[in-house]
Amino acid sequence: MLLETLKNLTLSIRELRGSFNEFKIVVASIFLGVFIISAVGSISQNLKSEIKNKRVEMLGGNFELSTTYQEFPKNIKSWLEENGKTTHIIELRTMLSYGSQSSLKRRIVELKAVDNNYPLVGKVLTSPFQNVKLPLGTKKPEKKILIDKSLKDQIGIDVGDFVYLGKSKFKINGIIEKEPDRIFSFATFGPRVLLSTQALNETGLLKAGSLIKYKTKFIPNNKNKINLATLNDLVKGTNVSIRSIENTTNNFNNFVDRTSIFISLVGLITLLISGAGISNGVKGYIIKKTKNIAIMKSLGAKNSKVLNIYLNQILMIFLISIIPAIMLGISIPYLFSPIISQELFNTFEPSIFLQPISISFLYGFIICILFTILPLLKTYKIKPIELIRKSSENSLNETSYKIKGIIFILICILCVLTMNLINDKKLSFYILISITGSFIFIYGLTNLKFYILSKIKFRLGTTFEYVRKAITKSNSFARSIVISFSIGLSLLITLNIIESSLDKRITVAINQQAPSHFLIDIQPQQIEKIKNIALSFLGETNFNSQPMLRGRITELNNQLVQGIKVDKEVEWVLRRDRAFSWSNKIPKNTKLISGEWWPKNYDGPLLVSIGDKIAKGLNLKIGDKIKFNILGRSFEAQIFNTREIIWENMDINFIFILSNSNIENAPHSWIATTKNVGQNLNNSFVEKIVSEFSNISSISIEESYKSIKSILNLLIIIINSIALITLVSGIIVLAGIIDVGKKDKLYEVAILKILGATPKRVAYLWFKEYFIIGLITSVISLIIGFFVSYVLLNYVFNIEIYFDFKMICILTLLVPFLITIFSLLRMMGLIMSKPLVVLRSYF
Amino acid sequence: MTPKIKNEKKKKLIELENIHVDLKSSFETINVLKGINLKIFKNESVGIVGESGAGKSTLIMCIAGLELISKGKIFFKNLPIHNLNEDDLALYRSKNIGVIFQSFNLLPSMTALENVNLPIEISGNFKNNKMAMELLTAVGLKNRIFHYPHQLSGGEQQRVAIARSLISNPEILIADEPTGNLDKKNSEDVIKLLFQLKKHFGSTLILVTHDTFVAKLCDRIIRIDNGLIVK
Ligand SMILES: Nc1ncnc2c1ncn2[C@@H]1O[C@H](COP(=O)(O)OP(=O)(O)OP(=O)(O)O)[C@@H](O)[C@H]1O
Ligand SMILES: [Mg+2]
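Scoring rules and cut-offs
Residues numbered from 1 in each chain as written. Chains lettered and ligands numbered in written order. Predicted model: local features only at pLDDT ≥ 70, side-chain atom pairs only at ≥ 80, totals over all residues. Heavy atoms only, no water. Contact = heavy atoms within 4.5 Å. Buried area = accessible area lost by both parts, 1.4 Å probe. Salt bridge = Lys/Arg side-chain N within 4 Å of Asp/Glu carboxyl O. Helix = DSSP H or I, 4+ residues; strand = E, 2+ residues; numbered from the N terminus. Nonpolar A, V, L, I, M, F, W, Y, C, P; charged D, E, K, R; others polar. Pairing = 2+ DSSP bridges. Axes fitted to C-alpha atoms, helices over the stretch in contact; angles between N-to-C directions. Phe/Tyr/Trp six-rings, centres within 6.5 Å; stacked < 30°, edge-to-face > 60°. Buried < 20%, exposed > 50% of the residue type's maximum accessible area, 1.4 Å probe, protein only. Lys NZ or Arg CZ within 6 Å of the ring centre and 35° of its normal. Near = heavy atom within 4 Å. Polar contact = N/O pair within 3.5 Å; in protein donor to acceptor, adjacent residues only side chain to side chain. Areas by Shrake-Rupley, 256 points an atom, 1.4 Å probe, with all protein chains shown as cover.

**Considerations on the interface of chain B and chain A**
The figure often quoted for interface size is the accessible area lost as the parts come together. Residue-level contacts link 38 residues of chain B with 34 residues of chain A. Together, Leu 68, Glu 86 and Ile 122 of chain B form the three largest contributors to the area buried by chain B at its contact with chain A, with a combined 19%. Glu 114 of chain B serves as the salt-bridge partner of Arg 17 of chain A, at 2.7 Å between the closest nitrogen and oxygen. The set of elements that each furnish at least two residues to the side of chain B that touches chain A consists of strand E1 (12-24), helix H1 (56-63), helix H2 (86-96) and helix H3 (112-122) of chain B. Here the element with the most residues in the side of chain B that touches chain A is H2 of chain B; it accounts for six residues. For the side of chain B that touches chain A, the class distribution of residues is 18 nonpolar, nine polar and 11 charged.

Structure (structure tokens):
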């Protein structure tokens, strides 16, 4: 057995000699796919283990207890202080003012005020380095803050400068290099500013109703006695929520999982598309090796022997390409460790994990074999008799059931692997279905086209007749060309349509529908003044404000939420604090799905309007009861109607809107949006508000959109370049096909010329032949591209289809021209050849 | 299988019974062979002649197991060849048949020596360098063994092909216009060599040729016309 393999191997190597170059595209394809999967796998494994090692530090203690708006009840606070180490933290967003006294500029920042115990675990590092636990300098009169590097970069303030927060003036005492209890160091709403609780108290920013978070980090003295259950007991009936290292790591792991699933998916698709590249490369290779195969068969080689020889070659190529791919993949965490340290973790020590290596190897291997074996099976069809003449249609047509079985098993393994990778049965099912679907679609459509073409009865002129015969004759390679190019082209078209639709959606949204700015933390007593200012700046319809308070859902239909199973997609609604609003007037642009709005003068028991999809996910309908805990008090509301919520409009979207009943007396704040009426006008309005009301913060939607868009663009570039690679691999197949057919074509040209055709005429005939093949490819790809992007846009992105007509035309004509020009160049020598010389030397 | 009896003068090796070959193209079916009956005996040399397109190549490819026959029977030492499957045909070829083509059909990526060794390696045996060297010496290419086909002249390539056809010591040598691509001098050398080696190895030779002079070297001449044997 081993000996047999060895013997085959030496034969394979000898046969491979000198044709190594033919495998460039195969090597590139395998490399790309395997590299992406192993890199993504390594990074996510590294992140997860990092989280596991540093979870106490990242949470800042074993537990974090938090509330919004209000401080903890005193008894809880003192219990914690008695039973362990604690540090109390206050977080809020506010505007930081900087620059000269006469012309102050403002920037939203995230304040974090800490006490002297902070941090319980780890250390705050600053530059310039200060060897004190907390370099905030509590000594009066100078109040000091530490700021994020991003803030320094964004607005150009530096250590030693003075800035304003609320009523107080602060000196920047350092740049934060490391803030231990922060998983992400990238900014969420604004860059971090650290100060002492004492200093915060004096700024006057702590106003009831402002969105203020109170957090206490806790490390129990006796870790065996005090656990999550003890603490849950302690906070029962209050609005304190608790995070433990377990559920924090779970959340973060979920996040890492989801991201890595997404990127792995891109990797998988890359690999599948590279599968097309592999398949094309091997196909072209086998086409070029037709004669060699015929020779070996004439010398007594069985089909299986031939298959074996070439399979061995592919395996060698596979190993050659996969080793550097995996090596590079696992070194990615090392290469990126400075960036990951800076952006994500404060310190990040990468290591090598076996799982991503084995998974990427397995994936690469299966894809490689799967996409190789089909073109390799074509070797069965090569008859040794072709050495003396073109084969007729006589053939034994043996297909091996063993090989079909192997293919089936490989596909099954691939499916299982994918399910495993994606970890979401429904999603992976859809993905697998759509991938298989597209392959079948391309194949079926191609065959249908050729069938139609071969059945055309009416005459379309002699040149067309000639071309039609050339394309549809049974041994024509036209089908291979079409299939090879369709995959890449339909991908390009799909991407293009999706991109322009998204683009359109975003620009339209920015220009019309989406608000230009959010104003948050507006105090109830300020709202009337602001409404008046808005009226004079923007007009009534362009300013939208709603009251807001935060609370948690505790019960659905008298059942505690902890025990309720809900749809995974809406789980987040129950997990933490949610924002609520109230209104007896139906809010602007509301589309009710079921029920109706309560009357304007309603004053009965509490009613609630809820987002329709959320209601469905929570299995709720009109009449059902929801219990909320708002600022420690319980409220029960009955569902009165359900609404459509369009998240993409980026406007204020409350999942829950309550009726006016009593709620308005609870401490709350207002949130407002401004519609785009003109950039300068909007900006000056926002500037006026934030300078007049120091507690109000503003967020620009355009900037948020920009960052989303840039991530999206990167992705589109990656997938586009993969699609281009597939097109290149199509060219490789084409080259193989042309080279093999050269002799026949030469003969054809000679005959055509002897019969009186000029080189121009010959070139024209070929131009037509290949152009038609190219057009068939384009039409098929257009159908697929439009279909797939329609489905994606409609069902996944939920946006309208839009495409750039010019771009689509260019893409459509790309392949016909590519094929035609490439093949004509390749055959230029033939067209110019002297017919008699050809006939004499070849026949 | 029948035991090998030495010195039996007319031992039947190949028998063709009413062989038909129909080739289908997209438009029509061409009857290339229309009922060939033929016996070939051990050790003889048979020359096959006829007009171009008569079906000579098709006939000998049937004997080599490379052409699919539509009707009729072929026996090799009473073993029916006509109903073997593709794999068994390959086995039959690698054991019993050596083929020489008009266009030499060497593998370009292998040296002369490797090309000669190819048939035994394909049949799953260890390469036999000694035998291959002997054969290459016999065809006069002793100092060309490590050359690749593109480094050899046409005549030399054909001699490598002859050496290759003999490596597994086949009972039947089939040559389809082996000198068709060679000049006069080279043709004579190759033909001389072929008959010499046939004699040396005691094999049976079936040779398609256009050259009446070459045909006359054979023990027997068979003329094909329009898919049938004519006398
Ligand atoms: N693929 C094919 N489909 C249909 N007919 C074919 C095919 N290949 C060859 N033929 C026909 O089969 C017949 C016999 O061909 P064959 O090659 O056996 O002739 P031949 O006697 O060897 O001729 P030559 O001396 O020119 O080599 C010819 O008439 C040819 O036209
Ligand atoms: Mg012939």
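Additional details are given in the paragraphs that follow.
**Examining the sheet that holds strand E4 (residues 71-76) of chain B**
Residue and element names in this part refer to chain B. Ordered in space as E2-E1-E4-E5, the four strands form an open sheet in which the pairing is antiparallel. Two strands bound the open sheet, and with one partner strand each, they are strand E2 (29-41) and strand E5 (79-80). In this structure, E1 lies alongside E2, joined through 10 bridges in antiparallel fashion. Paired with Lys 12 across the bridge in E2 is Phe 41.

**Some words on the sheet that holds strand E3 (residues 45-50) of chain B**
Strands belonging to one sheet form pairs held by backbone hydrogen bonds; the direction of such a pair is parallel or antiparallel. All names here are of chain B. The sheet built from six strands is open, its strands ordered E6-E7-E8-E3-E9-E10 with mixed pairing. For this open sheet the edge positions go to strand E6 (97-100) and strand E10 (228-230), each flanked by a neighbour on one side alone. If you compare each strand with its neighbour and ignore which way they point, the axes differ by 25 degrees on average. Looking at chain direction, E3 and strand E9 (residues 220-225) are connected through five bridges and run parallel. Counterpart to Gly 50 in the pairing with E9 is Ile 224. Along the sheet, H1 makes contact with E3, E6, strand E7 (172-176), strand E8 (204-208) and E9, crossing E7 at roughly 155 degrees. In this fold helix H6 (residues 184-201) packs onto E3, E6, E7 and E8, with an angle of close to 155 degrees to the strand it touches most, E8.

**A look at the packing of aromatic side chains**
Aromatic rings in a pair are described by how distant their centres are and how their planes are angled relative to each other. All names here are of chain A. This model, assessed by the stated rule, comprises 18 aromatic pairs over all chains. When the centroid spacing of 6.4 Å and the interplanar angle of 50 degrees are considered together, the rings of Trp 79 and Phe 218 count as tilted. With Trp 79 in helix H3 (residues 74-83) and Phe 218 in strand E9 (residues 212-220), this residue pair connects regions lying 139 residues apart in the sequence. The class of Trp 79 is partly exposed, set by a relative accessible area of 24%. A connected cluster of aromatic rings, assembled from ring pairs, spans Phe 23, Tyr 285 and Tyr 310. We note Lys 169 situated over the ring of Phe 162; from NZ or CZ to the ring centre the distance is 4.8 Å.

**Things to note about the site of ligand 1**
Surrounding ligand 1, one finds 16 residues, the nearest of these being Arg 389 of chain A together with Ser 52, Lys 56, Ser 57 and Thr 58 of chain B. Bordering ligand 1 are residues originating from chains A and B. For ligand 1, an oxygen atom lies 2.9 Å from a polar atom in the backbone of Gly 55 of chain B. Note that an oxygen atom of ligand 1 is positioned 3.5 Å from one of the side-chain N or O atoms of His 210 of chain B. If ligand 1 stood free it would expose 640 Å²; the protein chains cover 73% of that surface. Elements represented by at least two residues in the shell around ligand 1 include exactly E2 and H1 of chain B. For the shell around ligand 1, the element with the highest residue contribution is H1 of chain B, accounting for three residues. By residue class, the composition of the shell around ligand 1 is four nonpolar, seven polar and five charged.

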